[in-house]
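Analysis of the macromolecular model
Residue-level listing of the chains:
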Amino acid sequence: MKNKLLLKIKNLKVNLFILFFSLFLFGFGQSDSRFCGNVENFEFSNGHETVHITDDETYIFDDLPGHFYVKVDVNGYVQSVKYNVTNLDTNEQFEVIENLIPYTFPAGDADWNIGLGTFEVIASIYAQNNAYGYVCDTESVTFTLTDNVACTADAGTLTAVYSSVALSNGEAQLSATPNGDVHVPADFSKIFVLTSGSDLVIEQVNATPNFTVTEAGNYTIHTLVYPSDLDLSIVELGVTTGFDVNSLLIQGGGDLCASLDVAGAPIHVGEEPCTAYAGTLTVVESTVCSTGEVTISATSNGDANEPAGFSTLFVLTSGDDLVIEQVGGSPEFTVVGGGDYTIHTLVYPETLDLSIVELGVTTGFDVNSLLIQGGGDLCGSLDVAGAPVQIINPDAGTLTAVDSSVELSNGEAQLSATTNGDVNVPSGYSSIFVLTSGDDLVIEQVGGSPEVTVTEA
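Small disclaimer: the values here were computed from a predicted structure and weren't measured. (Residues numbered from 1 in each chain as written. Predicted model: local features only at pLDDT ≥ 70, side-chain atom pairs only at ≥ 80, totals over all residues. Heavy atoms only, no water.)

**A short note on the overall build of the protein chain**
When helices and strands are tallied, the protein chain shows three helices and 32 strands. Over its C-alpha atoms the protein chain spans a radius of gyration of 53 Å, topping by over 25% the 23 Å that the globule rule assigns to 457 residues. When its C-alpha atoms are laid out on the principal axes, the protein chain stretches across 210 × 45 × 40 Å. Here the protein chain, with 457 residues, has 36% of them falling under the buried criterion. Contacts in the protein chain between residues at least 24 apart in sequence constitute 64% of all its contacts with a sequence separation of at least 6. (Helix = DSSP H or I, 4+ residues; strand = E, 2+ residues; numbered from the N terminus. Rg over C-alpha atoms; globule rule 2.2 N^0.38 Å. Buried < 20%, exposed > 50% of the residue type's maximum accessible area, 1.4 Å probe, protein only. Contact = heavy atoms within 4.5 Å.)

Structural data, given as structure tokens:
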């Protein structure tokens, strides 16, 4: 009897020891995370197919496994998982506690049932059922579910080889370098587009970012990544703009998956440098004395430049105002009368309408004001200083006798005449009046006025 009693007492002690030790371990497990598991990652899964969830990624609903749910992968000792899910678009919140493996949201391997949007999923794991006691680990992930096919086309960016160029022989070469950030998806193509002005009018397209233009202005080279089956005939060169195209794209509010680098690589094209140069002239004689017709001339000094498409003309002007009197193909002119003249060289575009010059009215200054050198827009060159020539033209003019016939009276007769106003006395010259007699015009008297006294018939 005693032996049985002692045996029972002994078993009771063992049993009590095991019970208290288990309770100790249980309490210790609730207060020490070393006995808990941890969250490894999040997945979309249906039990057969799995897609790893990346934080802040966008997923197309129909591309995920059919009848999917969100599952948290855990490691270590876990008895339950509590999900707190928030729709960040609507601020709706959902809470689920899952006690059974796999730990899913919704619970019980049910299909995802809270629609599309951007969601934050917070998973907390526990070492006890029903999310009771100590939280072993908490992790979160944010993702977006959409029913739209993501458009991954990206035109990237370009850098102009030269941001400013000038026309040369009527042309300018424009080019840009891709910066390596373009993305052309499968079944997409890439093309380069040249636009002009602030309206981005499409002027040319090319397979490479290289273009030739013939007019000055502001241009931009763009990259366009588009579906290979897109009909590009919708673009009318010189009419359609880059903004028109962009408005068709998803990035511009349209429906088409494509990408246009709207900013592109801007390039300024300046006017062609004007290389026309009239050069200089050297006058043959700077002072010429003439009492009638005289030829004046100059020689070119060989320093003129006549570009292709230009012609050379020589211009004769008179006076300080450089009134244009004559034009010719050589620096030689015939002049009647005296005065100050200048021979100039004009190099001008062959397309220039020379009827704008009115002889005797238009001046060299008028012409010069049209040229770039004179503040105008026309590429041309006028040797304004030119080769000046002074024609000295002394002219005695004519006289009219007061009386063409007189008689001696008391042995004397008074002879007089009046000037007709056609005398020319150049600077440095003087005039006198001379009385001659007979057919031989023998000089009898000189004086300062056309009045003399004679004593013989």
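The structure having been displayed, the exposition proceeds.
**Observations concerning the nonpolar core**
Of all hydrophobic cores here, the largest spans 28 residues; its most connected members are Phe42, Phe44, Tyr83, Trp112, Phe143 and Leu145. Of all the secondary structure elements, the ones that give two or more residues to this core are β1 (38–45), β4 (69–75), β5 (80–87), β8 (117–126) and β9 (135–146). (Core = buried A, V, L, I, M, F, W, Y, C linked by side-chain atoms within 4.5 Å.)

**Comments concerning the state of the cysteines**
Under the defined criterion, the tally for this structure stands at three disulfides. Through a disulfide, Cys151 is tied to Cys257; the S-S separation comes to 2.0 Å. With the S-S dihedral at roughly 90°, the linkage between Cys151 and Cys257 falls on the right-handed side. With Cys151 in the loop between β9 and β10 (158–160) and Cys257 in the loop between α2 (242–248) and β17 (259–260), this residue pair connects regions lying 106 residues apart in the sequence. Disulfide pairing places Cys274 opposite Cys379 at an S-S distance of 2.0 Å. On the sign convention where negative is left-handed, the bridge of Cys274 and Cys379, at about 90° about the S-S bond, is right-handed. With Cys274 in the loop between β18 (265–270) and β19 (281–283) and Cys379 in the loop between α3 (364–370) and β26 (381–382), this pair connects stretches of sequence that are 105 residues apart. (Disulfide = S-S within 2.5 Å.)

**Focus: the pairing of strand β31 (residues 442–447)**
As paired elements, strand β30 (residues 433–437) and β31 share five bridges and run antiparallel to each other. Bridging across to β31, Val434 finds its partner in Val446. Between the end of β30 and the start of β31, which pair antiparallel, lie four residues, with Gly438 showing a positive phi angle near 75°. (Pairing = 2+ DSSP bridges.)

**Describing the packing of aromatic side chains**
Applying the stated criterion across every chain yields a total of 10 aromatic pairs. Arranged with centres 5.9 Å apart and planes meeting at 55°, the rings of Tyr83 and Phe105 form a pair that is tilted. In this pair, Tyr83 sits in strand β5 while Phe105 sits in strand β7 (residues 104–105), placing the two residues 22 residues apart along the sequence. Taking the relative accessible area as the measure of exposure, Phe105 reaches 3% and is therefore buried. (Phe/Tyr/Trp six-rings, centres within 6.5 Å; stacked < 30°, edge-to-face > 60°.)

**Regarding the sheet that holds strand β24 (residues 332–336)**
A sheet is described by the order of its strands in space; here three strands give the open sequence β19-β21-β24, paired in antiparallel fashion. Looking at which strands have only one partner, the edges of the open sheet turn out to be β19 and β24. Averaged over all neighbouring strand pairs, the angle between strand axes comes to 30°, with direction disregarded. Strand direction decides the pairing type here: strand β21 (residues 293–300) and β24, joined by five bridges, are antiparallel. Its bridge partner lying in β24, Ser297 is registered against Glu332. (Axes fitted to C-alpha atoms, helices over the stretch in contact; angles between N-to-C directions.)

**Re the layout of surface pockets**
Gaps left between atoms show up when a probe the size of a water molecule is rolled over them. When its volume is computed, the largest pocket comes out at roughly 730 Å³. If you list the elements that add at least two residues to the lining of the largest pocket, you get β28 (399–401), β29 (413–419), β30, β31 and β32 (451–454). Here the residues of the lining of the largest pocket sort into 18 nonpolar, 16 polar and four charged. In this structure, the second largest pocket spans a volume of roughly 400 Å³. A class-by-class count of the residues in the lining of the second largest pocket yields nine nonpolar, three polar and three charged. (1 Å grid on protein atoms, 1.4 Å probe; cavity = no way out; pocket = protein on both sides within 12 Å on 5 of 7 lines; lining within 4 Å. Points joined across faces, edges and corners; volume = space filled by probe spheres on them. Nonpolar A, V, L, I, M, F, W, Y, C, P; charged D, E, K, R; others polar.)

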